[in-house]
Amino acid sequence: MAVRLFRLRGLLRAAGSRSFSAQASPLQTEQHGTKRPEPSSAKSLVDIGTRRIFSSDHDIFRESARKFFQEEVLPFHAEWEKDGQVSRELWEKAGQQGLLGVAIAEKHGGIGADILSSAVVWEEQMYVNCTGPGFSLHSDIVMPYIANYGSEEQIKHFIPKMVAGKCIGAIAMTEPGAGSDLQGVRTYAKKDGSDWILNGSKVFITNGWMSDVVIVVAVTDREARSPAHGISLFLVENGTKGFIKGRKLNKIGLKAQDTAELFFEDVRLPASALLGKENKGFYYLMAELPQERLLIADMALASCEFMFEETRNYVKQRKAFGKTIAHLQTVQHKLAEMKTQICVGRAFMDNCLQLHADKRLDSSTASMAKYWCSDLQNSIATQCVQLHGGWGYMWEYPIAKAFVDARVQPIYGGTNEIMKELIARDIVSDK
């Protein structure tokens, strides 16, 4: 395992250095002496070797990730859907394969690659239509909080185990009465000497049931001049007295993803459990949410690409009126519309990925990507189910699962209505 990770780190560092280098712009990236084809002109929207933001080293990593998801996830996903969670063994296999903590700095115990390499993992998971593994939240939402704001002790304690898949991370923001409005949080942590006493509840927590460590958003100053000035983050480990995991929630989609209620009843936490500075949690959340929205958007777009290819293959085989339905003009036009919409979305999405790789992605643009791509995902899902006819409504068909899994995308990570508010606020602001 150590040798494999060493080689992987070298490969991905090379990919990252090419990505960030000042030589040629990403628009001029060449592979084997020829310019990389765009998805619109490639044989398939999921072909390896396309898209100018990537390099040949990213392609090698993508081949490895694709093989992993096809061999270690896809064959077992139906069983995990029944269980309401994936296996712990899968997490450790992902760690051994170097698929966790990809963009976390090597000095902290991560793989040390660029965010484009993380995007490879997000996309490859969606290309097998398996939403169970909560790798993206673990690696690219939870771990950055610890790496960016954690103490040296916290980083050393958690990051290596999380990269190895031996410690599963979750983040607990949403409450029964507080979703997109983070300033409505009621979970409260009160000082008791040098300790903190945490009370409250959270809901809809991805990786919640399997979690070994949870970042909990809590109010620490009820007298602050605004709720935003009185929120802190805490690291709560599984097994801590008073930390209770409720039931795995029975969702209409994401069946293999463990989503849970969490309860905190007089949980005593040492001072070392505070993540970052006291009362600075809201600002940490605002700084990290653009990446969360970016990964939701990219996974939504990748799902669109999967659904399109799945439907293209279906209509070329399904016969009606003596010929395949791909020969019907109305079906051809629908495919043309969908491919155009997806390719337009991919161009914007890749631009956002490159902006984020260059540390230039702002909150408003990330919100645009999240809102537009998740809306598109639901539109494409509806159209693809329609083209499958009655079979599209059958659970054993991948398009049915993609359809129900898509529905939550405009809701979590901040509802799309909130995304529009953030975008509009930037438009009308005088600053």
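Nothing here was measured: the structure is a model prediction, and the numbers come from that model. (Residues numbered from 1 in each chain as written. Predicted model: local features only at pLDDT ≥ 70, side-chain atom pairs only at ≥ 80, totals over all residues. Heavy atoms only, no water.)

*Asks:* Just to check I follow, could you spell out the environment of Phe-158 for this structure?
*Replies:* In this fold, Phe-158 is placed in helix α7 (residues 152–163). Accessibility expressed as a relative area gives 4% for Phe-158, which makes it buried. For the pair Phe-158 and Ala-147, spaced eleven residues apart in sequence, the C-alpha separation works out to 9.4 Å. Setting aside chain neighbours within four positions, we find Phe-158 in contact with Ile-146, Cys-167, Val-213, Leu-235 and Glu-237. (Helix = DSSP H or I, 4+ residues; strand = E, 2+ residues; numbered from the N terminus. Buried < 20%, exposed > 50% of the residue type's maximum accessible area, 1.4 Å probe, protein only. Contact = heavy atoms within 4.5 Å.)

*Asks:* Before we go on, may I ask you to explain the packing of helix α6 (residues 135–149) against helix α8 (residues 281–315) in this structure?
*Replies:* Two elements in contact, α6 and α8, have axes separated by 10 Å at closest approach and are oriented at 160°. Of the possible angle classes, the one that applies to α6 and α8 is roughly antiparallel. Between α6 and α8 lies a crossing of right-handed hand. In contact with Ser-136, Asp-140, Ile-141, Pro-144, Tyr-145, Asn-148 and Tyr-149 of α6, α8 contributes Tyr-284, Leu-285, Ala-287, Glu-288, Gln-291, Glu-292, Leu-295 and Met-299. The residue makeup of the contact of α6 with α8, split by class, is nine nonpolar, three polar and three charged. (Axes fitted to C-alpha atoms, helices over the stretch in contact; angles between N-to-C directions. Parallel < 35°, antiparallel > 145°, perpendicular 65-115°, else oblique. Left-handed = near helix turned anticlockwise from the far one by under 90°. Nonpolar A, V, L, I, M, F, W, Y, C, P; charged D, E, K, R; others polar.)

*Asks:* Would you mind showing me how to read the nonpolar core here?
*Replies:* The nonpolar side chains of soluble globular proteins are, as a tendency, buried together. Formed by 103 residues in total, the largest nonpolar core has its most connected members in Tyr-145, Ile-171 and Ile-215. In terms of residue count, α8 provides more of this core than any other element does, 18 residues in total. For Ile-215, the residues in contact, after removing those within four places along its chain, are Val-142, Tyr-145, Ile-146, Ala-170, Ile-171, Ala-172, Leu-233, Phe-234, Leu-235 and Leu-275. The next biggest cluster of nonpolar side chains, apart from the first, holds 18 residues, and it includes Ala-172, Ala-218, Phe-234 and Val-236. (Core = buried A, V, L, I, M, F, W, Y, C linked by side-chain atoms within 4.5 Å.)

*Asks:* Just to check I follow, could you spell out the pattern of salt bridges for this structure?
*Replies:* Side chains that differ in charge, positive against negative, can pair when their charged atoms come close. Here the structure, examined in full by the defined rule, presents 25 salt bridges. We note a salt bridge from Glu-72 to Lys-93, for which the minimum N-O separation is 3.0 Å. Residue Glu-72 is located in helix α2 (residues 56–73), and its partner Lys-93 is located in helix α4 (residues 88–96); the two are separated by 21 residues in the primary sequence. Of the charged contacts in the structure, one is a salt bridge between Asp-195 and Arg-268, with a shortest N-O distance of 3.1 Å. Linking Asp-195 in strand β5 (residues 195–206) with Arg-268 in strand β9 (residues 259–269), this pair joins segments that are 73 residues apart in sequence. With relative accessibility at 43%, the residue Arg-268 sits in the partly exposed group. (Salt bridge = Lys/Arg side-chain N within 4 Å of Asp/Glu carboxyl O.)

*Asks:* So what exactly am I meant to see when it comes to the pairing of β9 here?
*Replies:* Consecutive side chains along a regular strand alternate between the two faces of the sheet. Sheet analysis places β5 next to β9, joined by eight bridges and oriented antiparallel. Across the sheet, the residue bridging to Trp-196 is Leu-269, located in β9. Pairing of strand β8 (residues 243–248) with β9, which is carried by four bridges, proceeds in the antiparallel orientation. Within β9, the position partnered with Lys-245 by the bridge is Leu-262. (Pairing = 2+ DSSP bridges.)

*Asks:* Hey, could you run me through α4 in this one?
*Replies:* Owing to its 3.6 residues per turn, the α-helix aligns residues three or four sequence positions apart on the same side. If you check which residues of α4 are buried, you get Leu-90, Trp-91, Ala-94 and Gly-95. One side of α4 carries all its buried residues, which in axial view fall inside an arc of 140°. Looking one or two places after α4, you find Gly-98, whose phi comes out positive at around 75°. (Arc of directions from axis to C-beta.)

*Asks:* Mind showing me how you'd approach the packing of aromatic side chains here?
*Replies:* Given two aromatic rings, one states the distance between the centres and the angle between the planes to describe the pair. Evaluated as defined, the whole model comprises eleven aromatic pairs. Consider the rings of Tyr-314 and Tyr-397, whose centres lie 6.4 Å apart with planes at 85°: the pair is edge-to-face. Remark: Tyr-397 occurs in the loop between α10 (363–388) and α11 (398–406) and Tyr-314 occurs in helix α8; sequence separation between them is 83 residues. On the basis of relative accessibility, which here comes to 25%, the residue Tyr-397 falls in the partly exposed class. The rings of Phe-68, Phe-69, Trp-91 and Phe-135 are connected pair by pair, giving a single aromatic cluster. The ring of Phe-54 has Arg-62 lying over it, and the distance from NZ or CZ to the ring centre is 5.1 Å. (Phe/Tyr/Trp six-rings, centres within 6.5 Å; stacked < 30°, edge-to-face > 60°. Lys NZ or Arg CZ within 6 Å of the ring centre and 35° of its normal.)

*Asks:* I'm lost on the state of the cysteines in this one. Help?
*Replies:* By definition, a disulfide links two cysteine residues through a covalent bond between their sulfur atoms. With the rule as written, the count across this model stands at zero disulfides. Looking at the unpaired Cys-130, the closest cysteine sulfur is the one in Cys-304, lying at 17 Å. (Disulfide = S-S within 2.5 Å.)

*Asks:* Can you help me understand a nonpolar patch on the surface in this one?
*Replies:* Judged by side-chain polarity, Trp-391, Tyr-393 and Met-394 come together as a nonpolar surface patch covering roughly 360 Å² of accessible area. Looking at the element boundaries, Trp-391 is found in the loop between α10 and α11. (Patch = residues over 30% accessible without salt bridge, like charges linked within 9 Å, V, L, I, M, F, W, Y side chains within 5 Å. Areas by Shrake-Rupley, 256 points an atom, 1.4 Å probe, with all protein chains shown as cover.)

*Asks:* I would appreciate a short explanation of the side chain of Asn-207 in the present structure.
*Replies:* Within the secondary structure, Asn-207 is located in the loop between β5 and β6 (213–219). With a relative accessible area of 1%, Asn-207 lands in the buried category.

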